[in-house]
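Spelled out, the chains give:
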Amino acid sequence: MEVKSTMEDRVIGIDLGTTNSCVAIVDSGTPEVIPNRGGYKTTPSMVAITEAGKRLVGHIAKRQAITNAENTVYTAKRLIGRKWDSGPVKNARQTVSYEIVEGPHGDVRVQLRDQLYSVPEISAMILQEMKLVAEEYRPGEEISKAVITVPAYFNDSQRQATKDAGQIAGLDVIRIINEPTAAALAYGYGKEMERLIAVFDLGGGTFDISILEIGEGGVFKVMATAGDTFLGGEDFDARIIDWLVQGFQDQHDVDLREDRMALQRLKDAAEKAKCELSGVGEADINLPFIISVGRSNEALHLQRTLGRETLESLVSDLVDRCVDICRGTLTDAQLEASEVEEVVLVGGMTRMPMVQTAVAEFFGREPCKGVHPDEVVGIGAAIQGIALVDEQEDLILLDVTPHALGVMTFGKNFEELIGQNTTVPTSQTKIFTTSRDNQTAVKILVMQRESEDDVLLGEFILTGLRSAPKGQIEIEVAFSIDSDGIVSVSAKDLETGQEQSIQVTASSGLTSEEIDQMMEDAQEYLVDRRETDEFQAAQQRGETLIADVEKLFPEVEEIVASSDFGREAIGKAKGVLDKTRQAMESKDVEALKEHNEALSRTLRMFKGVVSRPH
Ligand code: AMP
C-alpha cells in the first residue's frame, strides 16, 4: 500500500506548555523530540520585547527576564481564552510582573513596551518558535501542519483561542488534543496491549488526571477526565515565595512584594529551590542586594535555607487537591483505584518526591518509569498527527468532553444537553417550547458548566417565529462537538424549518479580521527573522575568514612580495578584505555572501603559498 504521507503532509506535534513547550515529529514510524538550537528538548514558553524593540522567545527571553521583568510574558497559557473579568485573570493581574489590560472584546491584552498584544498572539510567538525549531532541524522542509495539545480541562474558548494562536503562527492546526490523551498515546504507541491507565499530569500551571482504556487495534478511549487550570508548579513556587517574603518581613519589616525586580528574583529562586529539593534534602536560597531601603539606600540581602520537610508542609494542601481530583474522577468513571493497571506521570512537577509518593499511595502502585514526563505530550501529539495524515497508521482516539454543555432557559435553569465525559465527536438535540404568547424570537444562551459555575460560551437569536400561543412553537436545539472539542449549536423552528446556528468562536476574544492582521504581522516577523538569521550566519563566516586570512597575511606577504605577480595578489587580497568588511557594515547580505566566497578563495591561495617549500 502506498503511504499517503508526503512532504506537504509533514506534521509536527506541539506541547504548548505553561512553562515549557516541546515539539516532536514521527519519522519512519519513530517518534522523536526535536531539540532547539541550544540542544534543549524543551523551550521556555516565554516571550519578551527588548528596549530596542526586538522580540525574544524561549531561553533567551528567560535569561533576561529578571532585568526586563515588565516586558517579559510567562504563563500566557493561564490567560488564553479567558475573559477580562474572570477570576483567573483577576488573580494573574496581581501576581505577574507584566501589565495585563482589558481588550476590546472583554478579553485580555498584554502590554509590552508601547504595544498591546492579545494572548493568542503571544502564544503564536511561541508556536512560531517551535515551528522554526522543527524547520531548522529539517532544512528545506516547510512545516505547516500541526497537532497542538491543551489540558483536558480547557473549555471551548481556551481551545478556540489556542487554535487561533496556531493560525496566527502560520500553522494549519489539524487537531487539538488533550494532553493526557497525548501522553497515553505516547505510552501505548506500538505496544499491543489492553490496559486501563491513569495519566497524572502536574505541570507548571495546570493539573489534569485522565483515565483511559487502551484497547485492541490502537483504540484509546478516555473514560473520564478532570483537572484544575489553576493548580500547578507556579502555586508551589508561590508558597515558597510567601515563606520567603514573610520571613523577610519578620526580619527587616520590609515587604519585598512591592519591588517587581525583587519579586522576579524571588520567583526564580523559589522555583530553583523547589527543583533542587526533588534531589536533595536542603536548598540554600541566596539573594544578595535583594532590595535597598531607607534614605541611605542600605542594601539588604536574603539568605535562607529551605528543607524538604518545610517545603512539603508548605504545599501539602496542593498535593491533597490533586489526590482529591483523582478520587472524584475515579468515582465518575465508576472505578476503583486498584483497577488502574498503570499510572503515567507527566509534567515537571511529578519529579517532586512528595507528588510521586502521593500518587503511589493513592493508586496503590508505583508509577510507570518508562516515559519522560517533559516529552510524552509532544510525542503523543506527533503520533496523533501522523495518524491523521497517514492511512497506514491504525489509531483511534476517543476523547471526552470535560464539561457539561447546555442552554440557559427562561427560568434561568441550566438545561444540560451533553453531559461531562461524553465521548466526542458527539451531537445531541432537545426540544424547547416558547414561553410567551406570540413570541417572535428566542434567545439561545449556550452554557458550559464548569465546577458548579455556568459559563456563557455564546448566544444567538432565532427570529421570525410565527404568532402562536405560548408552548405551541417547538424549537429544536442541537449541540455538536467536533474532534477538537469545539462546540457548534443550532436552533430550528420544527414546523417552518427556519434555522439559526453558531459555532462558538466569539469567545476566543479575537475577530477574524484581527486574526488576519496578526497572521500578517507574524509572517512579516518571520521574513525579518529569516533575513537576520541569514545575515548573522554570513557575518560569522566572514569574521572567521577575515581572521584566518589576516593571520597568514605577514607570512604570505614576505614570501611573495618579491614578484610583481605576488604584489598584485597581495593587493587583491587587501581589496577583498576591505569589501567584506564594508558589506558587513552596510548589512548587505548578498554582497557579503559574494565577498565571503572571494575571501575563502584567497584563504585557499594563502594556505597553498605557506605550505609550499620555499
Ligand atoms: P511542565 O509544565 O511540564 O514543563 O512543568 C514545569 C513545572 O515543573 C515547573 O513548575 C517546574 O518548576 C517544575 N519542575 C521541573 N523540574 C522539577 C523538579 N526536578 N522538581 C520539582 N519540580 C520541577
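Conventions used here
- Residues numbered from 1 in each chain as written.
- Predicted model: local features only at pLDDT ≥ 70, side-chain atom pairs only at ≥ 80, totals over all residues.
- Heavy atoms only, no water.
- Core = buried A, V, L, I, M, F, W, Y, C linked by side-chain atoms within 4.5 Å.
- Buried < 20%, exposed > 50% of the residue type's maximum accessible area, 1.4 Å probe, protein only.
- Helix = DSSP H or I, 4+ residues; strand = E, 2+ residues; numbered from the N terminus.
- Domains from an automatic or database assignment.
- Contact = heavy atoms within 4.5 Å.
- Buried area = accessible area lost by both parts, 1.4 Å probe.
- Salt bridge = Lys/Arg side-chain N within 4 Å of Asp/Glu carboxyl O.
- Near = heavy atom within 4 Å.
- Polar contact = N/O pair within 3.5 Å; in protein donor to acceptor, adjacent residues only side chain to side chain.
- Areas by Shrake-Rupley, 256 points an atom, 1.4 Å probe, with all protein chains shown as cover.
- Axes fitted to C-alpha atoms, helices over the stretch in contact; angles between N-to-C directions.
- Parallel < 35°, antiparallel > 145°, perpendicular 65-115°, else oblique.
- Left-handed = near helix turned anticlockwise from the far one by under 90°.
- Nonpolar A, V, L, I, M, F, W, Y, C, P; charged D, E, K, R; others polar.
- Pairing = 2+ DSSP bridges.
- Expected span 1.5 Å × (residues − 1).

## Quick notes on the nonpolar core
(1) Moving on: Core analysis: the largest hydrophobic core is formed by 57 residues, its most contacted members being Phe-200 and Phe-363.
(2) Moving on: Of the residues forming this core, the biggest block, 9 residues, is contributed by helix H8 (residues 308–332).
(3) Moving on: Both of domain 1 (11–232 + 317–398) and domain 2 (233–316) provide at least three residues apiece to this core.
(4) Moving on: With residues near it in sequence (within four places) discarded, Phe-363 still touches Ala-198, Ile-209, Cys-326, Leu-330, Ala-337, Val-340 and Val-343.
(5) Moving on: In terms of nonpolar packing, the next biggest core, distinct from the first, is built from 53 residues, Val-23, Ile-80, Ala-146 and Val-150 among them.

## Some points on the domain arrangement of the protein
(1) Moving on: According to the domain assignment, the protein consists of domain 1 (11–232 + 317–398), domain 2 (233–316), domain 3 (403–504) and domain 4 (520–611).
(2) Moving on: Using C-alpha coordinates to define each centre, domain 1 is positioned 28 Å away from domain 2.
(3) Moving on: Between domain 1 and domain 2, roughly 2100 Å² of surface is buried when both sides are summed, and carbon and sulfur atoms account for 59% of that area.
(4) Moving on: Summed over the three residues of domain 1 that lose the most area to domain 2, namely Ile-66, Leu-318 and Met-354, the buried surface amounts to 27% of that side.
(5) Moving on: Between domain 1 and domain 2 we count 2 salt bridges in total.

## Let's talk about the pattern of salt bridges
(1) Moving on: The tally for this structure, following the rule as stated, stands at 33 salt bridges.
(2) Moving on: With its nearest N and O atoms 3.7 Å apart, the salt bridge here joins Glu-32 to Arg-138. Of this pair, Glu-32 sits in strand S3 (residues 30–33) while Arg-138 sits in the loop between helix H3 (119–137) and strand S11 (145–150), and the two are 106 residues apart along the sequence.
(3) Moving on: Here Arg-138 falls in the buried class, since its relative accessible area comes to 13%.
(4) Moving on: In this structure, Glu-179 and Lys-77 form a salt bridge, with 2.7 Å as the shortest nitrogen-oxygen distance. Here Lys-77 lies in the loop between strand S7 (72–73) and helix H2 (87–95) and Glu-179 lies in helix H5 (residues 179–188), a separation of 102 residues in the sequence.
(5) Moving on: On the accessibility criterion, Glu-179 (4% relative accessible area) is buried.

## Notes on the site of the ligand
(1) Moving on: Around the ligand lies a shell of 13 residues, among which Gly-204, Glu-271, Lys-274, Ser-278 and Gly-348 are the nearest.
(2) Moving on: At 3.3 Å from an oxygen atom of the ligand is found a side-chain nitrogen or oxygen belonging to Asn-20.
(3) Moving on: Contact distances for the ligand include 2.7 Å between an oxygen atom and a side-chain N or O atom of Glu-271.
(4) Moving on: Computed on the free molecule, the ligand has an accessible area of 510 Å², of which 86% lies beneath the protein chains in the complex.

## Looking at the packing of H3 against helix H11 (residues 512–560)
(1) Moving on: At their nearest, the axes of H3 and H11 sit 11 Å apart, and the two run at 40° to each other. Relative to H11, H3 is oriented oblique. As for how H3 packs across H11, the hand of that crossing is right-handed. The segment H3 lies against H11, with Glu-121, Gln-128, Glu-129, Leu-132, Glu-135 and Glu-136 engaging Met-518, Ala-522, Gln-523, Tyr-525, Leu-526, Arg-529, Arg-530 and Asp-533.
(2) Moving on: Residue classes in the contact of H3 with H11 are distributed as 5 nonpolar, 2 polar and 7 charged.

## Overview of the sheet that holds strand S13 (residues 195–202)
(1) Moving on: Judged by pairing direction, the sheet is mixed, and its 6 strands sit side by side in the order S18-S13-S14-S15-S19-S22 without closing on themselves. A strand with exactly one partner marks an edge of an open sheet, and here the two such strands are strand S18 (342–346) and strand S22 (423–424).
(2) Moving on: Inspection of the sheet shows S13 paired to strand S14 (residues 207–215) by 8 bridges, in the antiparallel sense. Of the residues in S14, the one forming a bridge with Val-199 is Ser-210.

## Section: the sheet that holds strand S5 (residues 47–49)
(1) Moving on: In space, the 3 strands of this open sheet follow the order S6-S5-S7, with antiparallel pairing throughout. Looking at which strands have only one partner, the edges of the open sheet turn out to be strand S6 (55–57) and S7.
(2) Moving on: The pairing of S5 with S7 spans 2 bridges and is classified as antiparallel. Within S7, the residue paired with Val-47 across the bridge is Val-73.
(3) Moving on: H3 rests against S5, S6 and S7 of the sheet, and its axis sits at about 65° to S6.

## Quick notes on helix H4 (residues 156–168)
Since there are 3.6 residues in each turn of an α-helix, residues three or four apart along the chain are aligned in direction.
(1) Moving on: Taking 1.5 Å of rise per residue, the 13 residues of H4 would be expected to cover 18 Å, and the 18 Å separating its terminal C-alpha atoms lies within 8% of that figure.
(2) Moving on: Counting buried positions over the 13 residues of H4 gives 11, a clear majority of the element.
(3) Moving on: All of the buried residues along H4 are Asp-156, Ser-157, Gln-158, Arg-159, Gln-160, Ala-161, Thr-162, Asp-164, Ala-165, Gly-166 and Ile-168.
(4) Moving on: Two or three places before Ser-157, at the start of H4, stands the capping residue Asn-155, its side-chain oxygen 3.0 Å from that residue's backbone nitrogen.
(5) Moving on: Positive phi shows up at Gly-170, right after H4, with a value of about 80°.

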